[in-house]
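Tertiary structure, described
The primary structure of each chain is shown beneath.
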Protein chains: 2
Amino acid sequence: MEAPNQQVNGFKPEDITATINALKENPAMAKFEWRVRNKWINGGHNRSNIQDFYGGGKEDTSRTRPFVVDNGEPPILLGNNEGPNPVEFILHGLAGCMTTTMVLHAAAHGIPIDSVETKLSGDWDAQGFLGLDPTVRNGYKQIHIDFKIEGDLTDSQKEQLISFAQKSPVYDIVTHGVPVNIGLQEPEAVA
Amino acid sequence: MEAPNQQVNGFKPEDITATINALKENPAMAKFEWRVRNKWINGGHNRSNIQDFYGGGKEDTSRTRPFVVDNGEPPILLGNNEGPNPVEFILHGLAGCMTTTMVLHAAAHGIPIDSVETKLSGDWDAQGFLGLDPTVRNGYKQIHIDFKIEGDLTDSQKEQLISFAQKSPVYDIVTHGVPVNIGLQEPEAVA
C-alpha cells in the first residue's frame, strides 16, 4: 500500500483519482483546445509560439510566457539546421506522449518505474512529397519505437506498461490519423 | 524569369532542380531514416535528443551537437509546464511542415511569398485516454489550421499554395496515420 501523498512516478495517485472523479462528475471539464501559432522565417525555417489553451472549463493562464520552438531543415534538405525538422518533431511528440501515458497509468495502478528510455526511427522517402513516384507516400512509411524500461518489474508488468503506452493520444493520432480542416484567412480590407 | 542563383522564398530554384534530378537518377538517395532518443525525467517531463539521421545515401554528420527538446505538461494535467506537451508538438510539426512544403514548392514554381502565418487548434477530450468514455477517441477529434499568406498573389495562386501545403509529409502522417511497431528491449544480462 502506498502512504498518502507519496508520489509514484512523479504523480500523486490521489491527484489522479481526484482528476478522474472530477471528470466523471462533469465531463465537459475534459474538453481541451490546444493551440499553436507559427510564423515562417525563411526557407525551411519557421517558429512556433505555444502558450494558451482551453481546458478544464476555462482558458488556462498557467504559462506566463510562450514556449518558442523552431523548425529547421538540414543542408541535404536545403536548410541550415535551424532546428529539428517537422517529421523529427512527430517522433519527439510520440516518444513523449507514450512515455507520459505509460508512467501516469502505472502510477494510477501503483506500479513504480525506475527509468524509461525510447529510441525511435521513421522511414521516409523524399520521392513522395516531391511528386517523383506516385507509389511512394508523402509521410512516413513506418515508425519504430523501442522501449527500455527499468524497475522491479515482472515481464507481465512490462507488457502491461506497453499496453498503457498505447493509450497515448499521440499514438492514436499517429496510428489512426485525424481530420484536418484548412482555412485561408482573407487579408484585411484596405481603407 | 529569375536571375541565376537568385533566391526565391529562401531557396535557390537551381538547388531544388539539382536535388530533384539527383533523386531521379538515383532513387535510393531519397531514402531517409529519422531518429529520436527520449528519456523520461519525472512525471510528465521527458527529454529528446535529436541529431543523427540517414539520408542521401549516407549517415548525416551536419549537426555537431544534438537538439535537446523537452516535453512537459501544464498543472491541470499534473505537470509543471516543463515544456510544451506532446499533442502541442504535433500541431507545431504540422504547422512547420505545411509551411516549408508550401514555400519550397512555390520556389520551384517561381512564386515568391512575402509572409506565411498559421494558427492551429486541436480539439481533444481527456475522457478518451483516461478510459472514462469508450465513445471518445484518445487523440485529437479534429485539427484546424488557418493560413494567412501575404505577397503579390492572385486568389488562384493562394489556392495553389494551399494545395502545395497539402503535399507536406506531416500533413500526410497526421491525416492518414502511419503503422507504428513497438519493441521492448530486454535488460542486459547480469554477469
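Residues numbered from 1 in each chain as written. Chains lettered and ligands numbered in written order. Predicted model: local features only at pLDDT ≥ 70, side-chain atom pairs only at ≥ 80, totals over all residues. Heavy atoms only, no water.

Moving on, we get to the packing of helix α2 (residues 86-108) of chain A against helix α4 (residues 169-176) of chain A. Residue and element names in this part refer to chain A. The geometry of α2 relative to α4 is characterised by a closest axis approach of 7 Å and an angle of 135° between their N-to-C directions. Taken together, α2 and α4 sit at an angle that is classed as oblique. Residue-level contacts link Ile90, Gly93, Leu94, Cys97, Met98 and Thr101 of α2 to Pro169, Val170, Tyr171 and Val174 of α4. Taken together, the residues that form the contact of α2 with α4 break down as 8 nonpolar, 2 polar and no charged. (Axes fitted to C-alpha atoms, helices over the stretch in contact; angles between N-to-C directions. Helix = DSSP H or I, 4+ residues; strand = E, 2+ residues; numbered from the N terminus. Parallel < 35°, antiparallel > 145°, perpendicular 65-115°, else oblique. Contact = heavy atoms within 4.5 Å. Nonpolar A, V, L, I, M, F, W, Y, C, P; charged D, E, K, R; others polar.)

What follows is about the relation of the copies chain B and chain A. Superposition record for chain B on chain A: RMSD 0.0 Å, screw rotation 180°, translation along axis 0.0 Å. The transformation relating the two chain copies, once decomposed into turn and shift, fits a two-fold axis. For chain B, the smallest separation between a C-alpha atom and the rotation axis is recorded for Gly177(B), amounting to 2.1 Å. Mapped onto chain A, 100% of the interface residues of chain B again fall at the interface, so both copies present the same surface. (Least-squares fit on C-alpha atoms with pLDDT ≥ 70 in both.)

Attention now goes to the pairing of strand β5 (residues 67-71) of chain B. Residues and elements named next belong to chain B. Counting buried residues in β5 gives 4 out of 5 residues, a clear majority hidden from the surface. In this sheet, β5 lies alongside strand β2 (residues 45-50) in antiparallel orientation, the contact comprising 5 bridges. Counted as the bridge partner of Ile50 is Phe67 from β5. (Buried < 20%, exposed > 50% of the residue type's maximum accessible area, 1.4 Å probe, protein only. Pairing = 2+ DSSP bridges.)

Bring the parts together and some accessible area is lost; that lost area is often taken as the interface size. On the side of chain A, 124 residues touch chain B, which itself brings 124 residues to the contact. Where chain B abuts chain A, roughly 11,000 Å² becomes buried across the two surfaces, and 63% of that area is made up of carbon and sulfur atoms. On the surface where chain B and chain A come into contact, there are 8 salt bridges. One salt bridge connects Glu117(A) with Lys39(B), and the closest N-O pair in it is separated by 3.7 Å. At the boundary of chain B with chain A, the tally comes to 60 residue pairs in polar contact (both at pLDDT 80 or more). For the side of chain B that touches chain A, the element with the most residues is helix α2 (residues 86-108) of chain B, which contributes 19 residues. Taken together, the residues of the side of chain B that touches chain A sort by class into 56 nonpolar, 41 polar and 27 charged. Inspection of the sheet shows strand β8 (residues 180-184) of chain A paired to strand β7 (residues 142-150) of chain B by 5 bridges, in the parallel sense. Counted as the bridge partner of Leu184(A) is Phe147(B) from β7(B). (Buried area = accessible area lost by both parts, 1.4 Å probe. Salt bridge = Lys/Arg side-chain N within 4 Å of Asp/Glu carboxyl O. Polar contact = N/O pair within 3.5 Å; in protein donor to acceptor, adjacent residues only side chain to side chain.)

Just geometry here; none of it tells us what the structure is for.
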